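Chain by chain, the residues:
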Amino acid sequence: MRWASWPARGRIRSMDAVVRCHALVHWIHREIYCSSCAAVNMLIITHEYPLIIYFCKQVNHRAAGIARQLSTYPAYILNAPVTEVTKTSNGVRVASETAHGETATVGVWIDAGSRYETEKNNGAAHFLEHMAFKGTKNRTQKQLEVEIENMGGHLNAYTSREQTVYFAKVFKTDVPKAMEILSDILQNSLLDEAAITRERDVILREDEEVKKQYEEVILDHLHETAFMGTGLGRTILGPIENIKSLTKADLQSYINTHYTANRFVVAAAGAVDHKELVSLTEKHFGKLPAGGKDASATKFDPAVFTGSDKRIRFDSMGVSSLAAFVFITNPYPRTMMTKPEESQTCSEFVY
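What counts, and at which threshold
Residues numbered from 1 in each chain as written. Predicted model: local features only at pLDDT ≥ 70, side-chain atom pairs only at ≥ 80, totals over all residues. Heavy atoms only, no water. Buried < 20%, exposed > 50% of the residue type's maximum accessible area, 1.4 Å probe, protein only. Helix = DSSP H or I, 4+ residues; strand = E, 2+ residues; numbered from the N terminus. Pairing = 2+ DSSP bridges. pLDDT = per-residue confidence, 0-100. Contact = heavy atoms within 4.5 Å. Polar contact = N/O pair within 3.5 Å; in protein donor to acceptor, adjacent residues only side chain to side chain. 1 Å grid on protein atoms, 1.4 Å probe; cavity = no way out; pocket = protein on both sides within 12 Å on 5 of 7 lines; lining within 4 Å. Points joined across faces, edges and corners; volume = space filled by probe spheres on them. Nonpolar A, V, L, I, M, F, W, Y, C, P; charged D, E, K, R; others polar. Axes fitted to C-alpha atoms, helices over the stretch in contact; angles between N-to-C directions. Left-handed = near helix turned anticlockwise from the far one by under 90°. Salt bridge = Lys/Arg side-chain N within 4 Å of Asp/Glu carboxyl O.

Draft legend 1. Structural detail: the pairing of strand 5 (residues 164-171). Within strand 5, six of the eight residues are buried, which leaves it mostly tucked inside the rest of the structure. With eight bridges joining them, strand 3 (residues 103-110) and strand 5 adopt antiparallel strand pairing. Looking across to strand 5, one finds that Ile110 is bridged to Thr164. The pairing of strand 4 (residues 154-159) with strand 5 spans six bridges and is antiparallel. Its bridge partner being in strand 5, Thr159 is matched across the sheet by Thr164. Linkage of strand 4 to strand 5, two consecutive antiparallel strands, is achieved through a turn of four residues.

Draft legend 2. Seen up close, the confidence of the model for the chain. Of the residues in the chain, 69% have a pLDDT of 70 or more, and the chain-wide mean is 79. pLDDT under 50 marks residues 42-47. Its contacts with residues more than four places away, or in other chains, come to 11 contacts.

Draft legend 3. Quick peek at the side chain of Arg115. Structurally, the position occupied by Arg115 is in the loop between strand 3 and helix 6 (124-131). One polar contact links Arg115 to Glu162, side chain to side chain, over a distance of 3.2 Å. Setting aside residues no more than four positions away along its own chain, Arg115 makes contact with Arg161, Glu162, Gly231, Leu232, Phe300, Asp301 and Ala303.

Draft legend 4. Here's a closer look at empty space enclosed by the protein. Under the criterion given, the structure shown has one cavity of 30 Å³ or more. Computed from the structure, the largest cavity encloses a volume of approximately 50 Å³. Around the largest cavity sit Leu128, Met131, Ala132, Tyr166, Ile185, Leu186, Ser189, Leu191, Ile255 and Tyr259, which together line it. Mapped onto the lining of the largest cavity, the elements with two or more residues apiece are helix 6 and helix 8 (175-187). When grouped by side-chain class, the residues that make up the lining of the largest cavity number nine nonpolar, one polar and no charged.

Draft legend 5. Region of the structure containing the packing of helix 6 against helix 9 (residues 193-211). Between helix 6 and helix 9, the least distance of the axes is 10 Å, while the angle of their chain directions is 115°. The hand of the helix 6/helix 9 crossing is right-handed. Residues His126, Phe127, His130 and Met131 of helix 6 touch helix 9, and the partners they reach there are Ala195, Ile196, Glu199, Arg200, Val202, Ile203 and Glu206. Residue composition of the contact of helix 6 with helix 9, by class: six nonpolar, two polar and three charged.

Draft legend 6. Structural detail: the layout of surface pockets. In this model, the second largest pocket occupies a volume close to 620 Å³. As for the second largest pocket, its lining consists of 24 residues, of which Arg161, Asp220, Thr235, Ile236 and Leu237 are closest to the centre. Looking at the lining of the second largest pocket, the elements with two or more residues in it are helix 9 and helix 10 (214-226). It is helix 10 that provides the largest number of residues to the lining of the second largest pocket, a total of seven residues. In terms of residue class, the lining of the second largest pocket is built from seven nonpolar, eight polar and nine charged.

Draft legend 7. Region of interest: the environment of Gly231. Along the polypeptide, Gly231 turns up in the loop between helix 10 and helix 11 (240-245). Here Gly231 falls in the buried class, since its relative accessible area comes to 0%. The sequence separation of Gly231 and Asn122 amounts to 109 residues, and the corresponding C-alpha distance is 8.9 Å.

Draft legend 8. Layout of the pattern of salt bridges. All told, the structure shown has 13 salt bridges when counted by the stated rule. Two residues, Glu102 and Lys172, come together in a salt bridge whose shortest N-O distance is 3.6 Å. Placement of the pair is Glu102 in the loop between strand 2 (93-98) and strand 3 and Lys172 in the loop between strand 5 and helix 8, with a sequence separation of 70 residues. According to the relative accessible area criterion, Lys172 is partly exposed, its value standing at 37%. The shortest N-O distance in the salt bridge between Arg139 and Glu180 comes to 2.9 Å. Placement of the pair is Arg139 in the loop between helix 6 and helix 7 (141-151) and Glu180 in helix 8, with a sequence separation of 41 residues. Overall, the relative accessible area of 8% leaves Arg139 in the buried class. A network of salt bridges, in which partner residues are shared, links Arg139, Glu147, Lys177, Glu180 and Asp184.

Here's what the structure looks like:
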């Protein structure tokens, strides 16, 4: 917009008008004219509030367009609860969505999946998931099970290539207790030698069962060939040799390296209060170290995609399974695009 096209300049002395104009300008900044920050900032500095109002009128048609676009979204999106996010003093991120009801789910997401492992300790994250429920310095395995049962709650965990997750489903009055239990199993696990030995057999049996599920096995083979030679190509359970050889020292080293505040996210949904959740996180996870001593140890291998295929034939089987990764990358740089979304990489998973 050219200066000459604006109306005669004047000033608004009312503080209420000043506040309203500031609000309008910030909205324009954020939603409509992010590229016009210099001009709008100049208007704020010079207190040219009538010009700001005029400016807002010029873009009112754009605001109407945004309103029409929002009206096309389904109600479950428009009525979705707000996600509140806070970072604690030591770096743990806390996120929550509050909803009406009597129950809540609270969990801890850790950037410590199998892709962060090495060939030597591959399987450690999954092994630790098993060991977390075998007793802590504050409660035995039986006491933990009875405590969760008496609450009418549900305590579980899973390991993926990206994360290890521990979560509890409880009544809203038991959220503080659930947070205490989660912090206990994550920070005070005994890692008893006898329990480790017993758990080896459990994980080996689990490995046998997984290998019978071809829908699971085929995805392992897919990652193995598509990301060969990298952390993303390793399995979550790890090779049998590692399951049999991982020691308490290996598991403790993995905890010391990866179980740090900057890699923790505490998330909750349901009948939860965000401020209370932040306070509980400070109380129970406030002593976590902000970061590992060796930053290089927490870096994972780049996910280098290798176009390839792997075929395993069993003539005794009556059916076959197929999985494939298809990556389609736009070859044109962002500067040549008229719309930002046109320069984004598209990836598709075919199963």
